[in-house]
Each structure stands twice: as structure tokens, then as C-alpha cells.
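# Summary of the model geometry
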Amino acid sequence: MIVNRNKPSKNTIFDFDSIAKLMKKLSLSFLFLLILVSCNSTKHVAEDEHMLTQNYIFVDSVRNKSSDIQKYILQKPNPRFLNFPFALYLHNIGSYKKPKTPSEWGKKNPRSYNFIKNIFSEKQSIGYANSFIGLNNWFLKYQGPEIINNRKIKRTADNLWAYYKTQGYFKSKVDTVVNLYKDKKATVEYHITKGKPTLLDTINIKIESPVLDSIYKNSNTSSMLKSGSQYNDKTFRNEASRVLKLFRNNGIYNFTESSLGFYVDSTRADYKTNVEFLISGNRLEDKNGSYINTPYKIKKITEVNVTTDYSFTKKGEPLLDSLNYKGINFFAHGKIKYNPKFLSQSIFLKPNGIYKDTLRNLTRNHLKSLKNFKSTNIKFSEIPGTDNELKMDILLAPTEKYTLGLETEITHSNIRNIGSSAKFSITNRNAFRGAELLKLSFLGSYFNSNSGPGWEIGADASLEIPRLVAPFGLSKLVPKEMSPRTLFSIGSSFQKNIGLDRQTFTFLSDYKWQFNPKKTIQLEIFNTQYIQNLNISSYFDIYSSEFSNLDDVAEVYDAANTSTTDPNYHPLSDKIEDQVTKAIIFMTKVSDNNSFKTTNPDDYNTALNILNRYNIITSDFLIPVLAYSYTYNSQTKFNDNNFSFFKARIANSGNVLGLISKNTNANGKKTFAKIPLAQYFKTDLEYKRFWDVGANSVLGFRTFLGAIIPYDNSDIPFTKSYFAGGSNDIRAWQTYELGPGSRNTGLEFNVGSLKFLTSAEYRFDVVSKLKGALFIDAGNIWDITGSSFVDEDAKFSSLSSLKNIAIGSGFGARLDFSFLILRFDIGFKTYEPYLTGNKWLKNYNFANAVYNIGINYPF
């Protein structure tokens, strides 16, 4: 018999049955309160007023719900969550008739006021009254009922008419209908008759300047205005923007949209219009208080000055240091601390070059990306006595050379009960005079788990260089315009009472560049990690379920071998310190016993599976990775909610070192410097899409597919395997709890070599900073290594294995503080592939739900 005296207690901190009952009572109470309040949603609506509850838009008699039209409606109903206007309900709890001052409150509530006054003092009674007044004001600050406003309805109709006119419907008509109901509620209907659209007929372009005319004709670009296409204001704006960029990127520094004019005739009865596109050849210039017409000319940069330590407080002070590098003048009030050779690589407008807007913006963005300057100001001025020469002044205000950083976090998972972590860092900017960033970081964490307290400490150093550092001239393969970066990093961490007390050493060299504003390329070269497990003797203490399964095999083995063994013989010692050694001997003995394999095949396979997992998880690994990543992100700004994201990463580990080394260990695994070498190919694909659905609501979709395939008899390191579950994954299961396949192993850590995950989430406003979310997650992990140790129901054998995709759904709340988002999600098991019989909604309740706490959005 195998006895595990250190099995964790089955007592838990939370009684989920009690939580479920409490949640049910709270939900019923809250629902009852909502019903009471909702019956009086027009509490603050006067007798001669009506509250707007819905807007209806009909375009040519067909209802239109497009968000493009909704933004032109000036008056909208009170915001709703799950079809309930919660903010209005909170507003209606308050009352405008309640006292506004403590004295008024005291007169209306004399008994309470005097009681507090007699027991304590006048000051306490005033504070008591103010608390009720403040609570009433807090309710009233939420949006009250949206009262029908005829003026806003008229302006909305005008907006809709103007909108359709911009789409080419010059003879459209908008009618409004206001429906007033006896319960003080109302709806508004907007009936739009578009009519026939106007088409563009003849398009004439007239350019008054020979300089501009030459640039336009030599550009080999076509106009966005096409004869026969429908009139659309947006097309005209895009055409103006195109022409503006064309001229400003060909030396016409002063060119503005005021020099562009479109003239159309919207009065023609045949629903067609001619277009006259006029491009003026002159600009108005202020000279000595009078404006004169000055013809446009191509400007070139003849002087470039860079101040490397600009400060508004030093404005007007002398520049004491200066030098010239390839025609660029560098200045400083003190000493020039930046190497001109490297800083000049961020300046793309060179002396004697033609002015271009794109190069101006590229210079600004490139200098900002150095992370060395608080502000970057680029100014242009005409050189006196010339009419086609410009001087460019670049004013760089440096950031503090040394910056300290501190990050803290509270952690909780199915593995760690509660804990905290902190990371302290110090950053040295311009470490070697080339705008490099040298960063030293120290991290530590402490937590409590079922096996006692644990901690982790670590340190790493990184050097980020704002250019490619590569031998044999390879750095020239990536243009400077793509903002190439090189990152070198080295670090180590040490864990205690976390798994097998893993110690890691990491070295990384990483190359990254911006192929264009939406596409990023990354190469990981010599991304090498050495993992060493320092406490493998605790394996069966940590993986207690493995020990229990092996205990069952030992009982069967004892019974099968009683006739040939000593009655006092036990396959394993019951001493914790001897468990691993005895267990290895026992499992090896079982694997060599063909008789036991024949009579007890299931128990035989169980023992071999446990031995195989033990060898993988306890093994040290050297993981030398070469990887290529491609990222596409169409998000243009932080608050853009209409964008897509795609990332592909292809990685290989151990290919080069595997060719060099011919050595193997006792298990037949290839080694390098006597360390088992991880050899695998890994591919990760991730796609995300977000839609702004109006009313500050966003619909998000995410899907992930990953596969890892070992070769040359290598195992997959535990840290590189896939898992399912967690606050950023399938939220109805805890981390490592789900899979693989249709198995419900009961193991503490379940991993696989294939993963599929997809999620959909609807995010919306509730009240103030509080946001809500409804979500559904689906996915699982499987094994595709072909290992004989893996059970069939854990393997991905064909498309039929997709029936083992688990589904979770739920809801959540987020507190949006702009700089971070606190998230709480409740995930319910909706479809459980490992169940027998009915797999749908069997454990869809609060008792079996998973409560997730996270920072920021899950995807």
C-alpha cells in the first residue's frame, strides 16, 4: 500500500452551497426591489410632460437601426442595462421635495434630529442630517427621465435631412411623429424618404499654378471623384485630403485646404451634377500688416538645428556646446550627451532635401519612440532673403535619466490561495549615449497555498537599443523608417514551495520593427531558457492525485503478487522523504512485469502514464528558441473600438543545438552539456475583432489556435505546454482544470499540445465607472504528440474530437479607472464534454461557478 500522509484536506475556505443560497436570496431581493422601483419610473415626470422611451427611424418605410444614423439623434431614452434603466431607477429613489439643509431636515424629522442632539450634540445631529441629505443628492445626481423636447426633435429631423444630403439625396424629406401615452411615456418616429440619388457627371480640374500642375500630373495617382458615381461628401473630403498630402509631400510646405474648392450644381432636374475642382496657385501671406498673394513654390531644407537639452525655463540662455554631423547642427545648453551619429538616424529631413510632411511626421514619431524625451517640438521657418529655403529647428526636452518603477499585484488562483507580488525597477536612459534603455528589475512574490507558504524572487537586466545590432551588415536589411529595435535581456528567478521549486536562467536577443503603422515584425534569436527543478522529492506531495492513483495500482499489484512476496514486503515506503525513490522503483518494476501487463492492462498503463508524466515534469530542460512573429493591429488610437488584431508566431526549439550535440541521457533524450534539450516546433495563431455597437457598448470576439509538436524523441517542457481555464481563458474552469479532450483526470495540472479557444463578449455601461459584460467562452486542449502513454479520449484524432469543446458562459462587472480596469467575472459550466449522459447545463449554478478576479480585459 502507498500511504500519503500529506494529502491536502478536503475542507475548503468557501462553502459554495451557502454562497449559492445567499446569491439566490440576494438576487430575488434585488429583483423585487427593481420591480417596485420600475413601477414608478415616471415618478419625476410632471403631469403635462412625457418621458421618451424609444426612438424609431424608418428609411423608405423600413426600420433602420444603424449606429451611423443614431449619432444624429439629439434626444435619446435613458440608458438601459438588460432592458432596465438602472440609472433612472436610482434617480427616482431620490426626491426633489426632501430637505436641502440640516435645519430643514430637523424640522421635518424632529424626533430623530433631537434624539441625536440630546444624546450627543448639535454638531452630531447636523452631521446625521447631512448624511441623509447627501444620500438623497447622490441618488438625484443620476440621470433623470428624458422628457420629450420638441425643439430637439425638430433639430434631429434637420440633422437627418442634412446627413442624407451629404449622401447625395438632395431632395430627401424627414417627417416626425410623436406618440404620447397615458402613462406619461412617449415614443418618437422619424420617417425618412430618401428620393433619388444625385450622380456625378462631368468633372473638371483647374490648377492655377504651373508648379502645382506639374506635381499633380507627375504623381500618377487617380482622383477619387469618378463620373457616374453617387455624390458623397466623404468622397470630396477624401479627395481634398489626398491632394493636400500630395502637394505637402512634394515640397509645398505652406499648402492648405483653403486653396482647394469644389463647386457642384445641386439644382439640376436630372439628378446629375457637374463638378468643378479648383486648385489655387497662390496663398495669402501677411507682410507688414497687409495680405498679398504669394505663389506656391517647392521648399527645401537648407539648415537643420537640434537642441538636445531644451527646456522652457532655459529659453533665451546661450547654447554652450555645439557640433556638426553630416550637415546637422547639434546644440546643448550644457554638454551634448547624445552621440550625433545615432541621434541623426532619427532625423529623416536632411539638409538640402525637399520638405515632405511624411518625413516630418516620421522624424517626430521616431524621436518619440526613443523613450528619451518628454517632448519633441519641430519648427520650420523661412530663411530671410530666400523664397524657397527653410530652416528646421528640433527642440528635444529630455526625460529624467534615471527612473524608478514599482508594480504591485494581489494574486489568487486555484493553485495559490492568496498572495502578493511586487516588481521594482530602475531605468537608465541614454546609457551609452545612443538613446539606449538599460533596465534592472527585481521581483518578489509571497503567497499561501494548500502546501503552505511559498515565495519567488528574481532579477533581470535588459538593454534596448533603438536600431538593429547585427553582424555582417544585416542591420541594413531593415530601413531606419521602420523604427527597428534590438533587445538583449538576461535574468534568473528562484521559487520556493511553488511546484518543484523551479529555478530558471534566461537569455534573450530580440529584433523588432514596424513594417508599417499596422504591421509589426519580431525575430527572437537565441531566446534561451534553462529550467532546473530543485525539489523533485516533493513530486507526489504536490501531485497528490497521481499518488492516489499509484496507490490504487499498488493495491492491485500487491494482491497479484502475494504468493511470491514476503508478507512484510511493501512496494513503497510510507515515509514522505522516500516516496519518490520507492515510487520510481515500483513503477519501473511494474513496467518490466509482462504478467501484470497481461492480467491488469489498465493498472499497468496507469503506472506507465504516471512514470512518463513524472519524467517530463521533473526533468530539467534547455530550451533554445528561434521564433518569428507577425502582428497586425488596425487600432489607430487608445479609445478606438472598431478594429481587428491578428498575431502569428512560429517557433522552433533545439534545432541548431540538436545538430551539434549527439549525446543522449538514460531515457534516450538528446542532451547538450548533459542537460536535456527541448526539441519542438510551435505555432500560435490569434485573431481578435471588436465592433462599436453604439451607446458606449462594444462587442468583442477572440479566437486562438496553437500547436506544439516535439521531434527527435524529445518531451515538451511543462512550461511550454498549453493549458485551459483561468480568468483570461475559459472562465468557467480554473487554471489547468480543463482537459485534455473528454477526460476529467482530477489532476492538479492538465496540459496538452494542441489548444483551441474562442470567446465572444458584450461590454456595456451600467452606471458611471461601472461597466458590465456578458460572455461565452469555448475551447479545450488535446494531445497530438502520438505518445503511447496518452489515453485515447485525450487525443485529437480527427474533426470528431471537436465535440469535446467545452463551453462556459457568464457575466461580469468592471470598474474602469481609465489607467486600469478591475474585473470580476462569474463563469458557469455550460457544456462539459467529460460528463456521461447529459452534458448541457448540468452544473450551471452558483455552487459550481468559477469566480474570476483580473486586471484589464481578458482580451
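Our structure's up above, just so we're on the same page.
Everything quoted here is computed from the prediction, not taken from an experiment.

### Focus on the side chain of S759
Along the chain, the position of S759 falls in strand β29 (residues 754–767). According to the relative accessible area criterion, S759 is buried, its value standing at 2%. Here the side chain of S759 touches D777 through a polar contact of 2.8 Å, side chain to side chain. Residues in contact with S759, not counting those within four places in the same chain, are G700, F701, R702, D729, I776, D777 and F859.

### Some thoughts on the nonpolar core
By size, the foremost hydrophobic cluster in this structure holds 26 residues, and its most contacted members are Y539, F540, L550, F586, M587 and V590. Sort the elements by how many residues they give to this core and helix α16 (residues 601–618) lands first, with 7 residues. In terms of nonpolar packing, the next biggest core, distinct from the first, is built from 23 residues, Y338, L343, I347 and A435 among them.

### Side note on a positive patch on the surface
A surface patch of positive charge is lined by K43, K97, K98 and K108. Its place among the elements puts K97 in the loop between α3 (86–93) and α4 (102–108).

### Some thoughts on the environment of A186
Tracing the backbone shows A186 in strand β4 (residues 185–193). According to the relative accessible area criterion, A186 is buried, its value standing at 0%. In sequence terms A186 and I148 are 38 residues apart; their C-alpha atoms lie 7.5 Å from each other. Excluding residues that lie within four positions of it along the chain, A186 makes contacts with H50, M51, L52, T53, Q54, I148, N179, L180 and Y181.

### Remarks on the pattern of salt bridges
Any two side chains of opposite charge can pair, on the condition that their charged atoms come close. Tallied over the entire structure, the rule returns 33 salt bridges. Across the pair R467 and E436 runs a salt bridge, and its minimum N-O distance is 2.9 Å. Within this pair, whereas R467 is found in the loop between β19 (452–465) and β20 (485–496), its partner E436 is found in the loop between β17 (418–429) and β18 (437–449), the two being separated by 31 residues in sequence. Just as R467 is buried, E436 falls in that class too. Salt-bridge contacts for R731 lead to D825; the nearest nitrogen and oxygen are separated by 3.2 Å. Taken together, the residues R731 in the loop between β28 (697–710) and β29 and D825 in strand β32 (residues 821–831) connect sequence positions 94 residues apart. Residues R731 and D825 agree in their burial class; the two are buried. Here the salt bridges share partners, and the residues they tie into one network are R731, E761, R763, D777, R814, R823 and D825.

How each quantity is defined
In this numbering scheme, every chain counts its residues from 1 along its sequence in written order. In keeping with the predicted nature of the model, local features appear solely for residues at pLDDT of at least 70, side-chain atom pairs appear and are counted solely at 80 or more, and the whole-chain, interface and lining totals rest on all residues. Here the side-chain values reflect all heavy atoms present in the structure, with hydrogen atoms and water set aside. Per the convention used, a helix needs a DSSP run of H or I reaching at least four residues, while a strand needs a run of E reaching at least two, with both numbered from the N terminus. For the exposure calls, accessible area comes from a 1.4 Å probe over protein chains only, and a residue counts as buried if that area is under 20% of its type's maximum, exposed if over 50%, partly exposed in between. Here a polar contact is recorded for every N or O atom pair within 3.5 Å, except that within protein the pair must consist of a potential hydrogen donor and a potential acceptor, and residues adjacent in sequence are included only if both atoms are side-chain atoms. Note on definitions: a residue-residue contact is assigned when non-hydrogen atoms from the two residues lie within 4.5 Å. As used in this record, nonpolar core signifies buried Ala, Val, Leu, Ile, Met, Phe, Trp, Tyr and Cys residues forming a set joined through side-chain atoms within 4.5 Å. Residues enter patches when their relative accessible area tops 30% and they take part in no salt bridge; the joining distance is 9 Å for like charges and 5 Å for the nonpolar side chains Val, Leu, Ile, Met, Phe, Trp and Tyr. Each accessible area value is a Shrake-Rupley result obtained with a 1.4 Å probe; residue values ignore everything except the protein chains displayed when judging cover. Salt bridges are defined by distance alone: a side-chain nitrogen of Lys or Arg within 4 Å of a carboxyl oxygen of Asp or Glu. Working convention for charge: Lys and Arg count positive, Asp and Glu count negative, and His plus the chain ends are omitted. By convention, the charge on Lys lies at NZ, on Arg at CZ, on Asp at CG and on Glu at CD.

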